[in-house]
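Structural description and commentary
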Amino acid sequence: MKLYLEKKCISVYGVNINIRKLSKVGLIDIDFINVKITFVYSYDGDYVFMYSDTASYEELIKKIAGNREDMRRKLLQYKNDFGVEHFLWKQLLQYTCKKFGVNEYTYADLYTLYSTSDYFSMDYDERWRYPRNVNCIKEAYDLLSSVLPQNFSKTRENYLRQEIKDKLKEFTDVCGNNLENRENYLEKLEMLNGSSLDKWNTSKDKLQSLRAKLQGLTQEGIFDAKESSNIQLFLDYCFHYVCGRVDKLNEKSLLQQYGPISDLKIKLRESIDRLGFRELLDLYKEYKEKENLLCSKARNAGMKLNEFPYGEYIDIYRLGSILISDKMNRINKNKAKNKYISQDLLDEALIFYYDTESAKEADFIRTNEKYAQDKLSGNEGEQKVDYALKWLDKSYIQIEKKSIDKVGNRCIFIKNAEFIDEQQEYDHLIVSNKGIFNIETKNYTGKLVVDQYGNWIRKKDNEEEGLKNPLQQIRQHEKILMSFLPENCKVISIICIANDKAIIEGSENCPIPIIKSDMLVEYIENYNEVEAKISDLQVKQCVNAIYSHMVQ
């Protein structure tokens with residue numbers, strides 16, 4: 001038998017006793033027709049009787065079954081005394097009747113016993129209770145006595161003190177009685193647990209539980225404070241080591257499952273501006289699902305949500321969903337459907353994803369990255385246009401790209417400080433006797449629609465996205481050119497769609513011709529100027545003027 005005092009009940013040879021309600025424990029000696037036997041009893045709201053002499057018990061039951069008159073006299077002895085003996089004889093009678101199939105009423109005396117006793121008023125809806133067999137009466141008695149209210153406190157102290165010592169034996173067997181060889185235990189753990197996260201978590205829980213229990217018993221004065229000090233230091237050392245192993249294995253697991261934090265940041269930063277609304281909505285749902293899953297894992301591991309290693313991964317999906325929502329808000333022009341995002345939360349997401357000290361710095365990096373992405377996409381379109389212009393008649397002069405943009409690419413920056421202190425970037429400039437062709441290249445995919453109000457709309461995968469009308473930008477380009485070119489030199493602007501598969505609808509609603517790259521040379525060479533041509537000398541003057549105003 002072993003006590004488990006942290007439980008409500010203890011089990012004594014299979015008999016459950018409620019130690020919170022236990023109020024009586026004792027011994028009873030029975031002598032019935034030369035059969036002598038001792039019972040131990042306990043009372044926790046019900047009487048439980050136990051015996052260890054099986055031979056005497058079986059002989060007693062036989063005597064009760066075969067000697068009804070003697071049994072009736074014994075019952076009469078306790079008929080008005082509802083003490084422990086009354087309940088013992090009641091249980092003995094019940095067991096006898098059940099074992100031998102005897103009708104209990106054959107023991108009754110109609111005028112005396114039956115009318116004054118409850119021996120025969122048995123509730124058949126309840127489970128019958130009979131005396132239970134145990135290995136040792138003395139051991140059962142001592143155990144039950146030790147948890148009586150008056151003895152419980154001392155028993156609990158001894159039990160808890162011994163429990164701690166039993167658990168510490170695992171450590172002292174490996175590290176010595178003074179736990180001086182603590183590395184031995186850690187080596188043993190490494191050998192037993194290996195790379196199993198579950199095993200290391202079990203070791204962590206075990207050490208944490210023992211630390212807390214030892215600390216609690218020390219505070220209660222049950223365990224010696226001086227003795228516990230060294231043990232507590234040893235357990236703390238082992239616990240922190242095990243926590244480190246759990247963290248590393250968790251980090252490795254997260255790394256294998258989700259990838260490096262830096263890669264996840266870059267991936268979202270690079271993709272967020274390329275996705276349509278529906279794609280962003282799917283990505284948002286995915287991020288929220290992963291955030292919830294990681295939060296659940298962290299809680300199950302008994303960790304705070306901002307603790308390593310789960311904290312950063314949770315933030316990847318928590319704050320990433322904020323950036324995705326912000327992008328969807330910017331795409332969705334219907335403000336009523338926009339999801340409210342506080343500026344503080346958006347700033348937190350920007351600082352985290354761009355690894356900066358301030359939201360302003362993060363926004364600056366985001367703007368530059370957006371420029372680089374747009375430039376990359378634009379460069380692909382410009383390369384298609386460059387190839388198309390290779391086939392242009394040699395009488396047309398293509399202006400070289402001698403400026404350098406933010407990301408180090410060759411481009412055309414033109415500035416006339418006397419007109420306005422601001423430079424403008426041009427995609428392509430072609431100088432000819434017809435005038436200067438100012439080509440604005442767009443690398444759109446899907447279907448481009450220009451409606452009657454001048455709205456530019458891109459339709460792709462059943463989604464619509466509003467685009468910036470390039471008209472304002474082109475007019476600015478024209479004004480800067482005209483500010484330093486000869487008065488009779490005409491600027492002819494063209495919007496060139498570089499993607500051959502793009503579909504254009506409503507081009508008549510744009511005051512500037514929209515031409516696909518595969519028709520660009522055809523359009524330029526067949527352009528019919530209304531005004532007079534400029535001379536070859538003026539062509540050279542235009543070329544020189546452009547280069548002199550190009551930012552290098």
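Description of the structure in this document. (Residues numbered from 1 in each chain as written. Predicted model: local features only at pLDDT ≥ 70, side-chain atom pairs only at ≥ 80, totals over all residues. Heavy atoms only, no water.)

**Observations regarding unusual backbone geometry**
Going by this rule: Only runs of H or I of at least four residues qualify as helices and only runs of E of at least two qualify as strands under DSSP, and these elements are numbered from the N terminus.
Each neighbour pair has its own omega, and for Phe 308 with Pro 309 the value is 5°, a cis peptide bond. Considering the arrangement of structural elements, one finds Pro 309 in the loop between helix 11 (277–300) and helix 12 (310–331). We note that Leu 179 has phi near 55°; this positive angle belongs to a residue other than glycine. Of note, Leu 179 is situated in the loop between helix 6 (149–175) and helix 7 (182–193).

**A look at the environment of Ile 137**
Here is the rule: Contacts were defined at the residue level, with two residues in contact if any of their heavy atoms lie within 4.5 Å.
Considering the arrangement of structural elements, one finds Ile 137 in helix 5 (residues 137–146). Sequence spacing of Ile 137 and Phe 39 is 98 residues, and the spatial spacing of their C-alpha atoms is 7.3 Å. Filtering out sequence-adjacent residues up to four positions away, Ile 137 remains in contact with Leu 27, Thr 38, Val 40, Met 50, Tyr 51 and Ser 52.

**A look at the sheet that holds strand 14 (residues 456–460)**
By definition, the strands of a sheet pair up through backbone hydrogen bonds, in either a parallel or an antiparallel sense. Applied cut-off: The pairing criterion for strands is at least two bridges between them, as found by DSSP. To define axes, lines are fitted to C-alpha atoms, for helices over the stretch in contact only, and angles between the resulting N-to-C directions are given on a 0 to 180 degree scale.
Strand order in the open sheet formed by 4 strands is 15-14-13-17, and the pairing between neighbours is mixed. Each edge of the sheet is formed by a strand with only one pairing partner; in this case those strands are strand 15 (463–467) and strand 17 (503–505). Adjacent strand axes in the sheet meet at a mean angle of 25° when their direction is disregarded. Relative to strand 14, strand 13 (residues 447–450) runs antiparallel, the two sharing 4 bridges. Across the sheet, residue Val 450 finds its bridge partner in strand 14, namely Trp 456.

**Describing the pairing of strand 5 (residues 47–51)**
This is how the line gets drawn: With a 1.4 Å probe rolled over the protein chains alone, any residue whose accessible area is under 20% of its type maximum counts as buried; one over 50% counts as exposed, and the rest are partly exposed.
Of all 5 residues making up strand 5, 5 are buried, and the element is well covered by its neighbours. Here strand 5 shows two buried faces, one formed by Tyr 47, Phe 49 and Tyr 51 and the other by Val 48 and Met 50. Bridging between strand 4 (residues 35–43) and strand 5 involves 4 bridges; their strand directions are antiparallel. Its bridge partner being in strand 5, Val 40 is matched across the sheet by Met 50. For strand 5 and strand 6 (residues 132–133), the ladder comprises 2 bridges, and the chain directions are parallel. Residue pairing in the sheet places Met 50 in a bridge with Arg 132 of strand 6.

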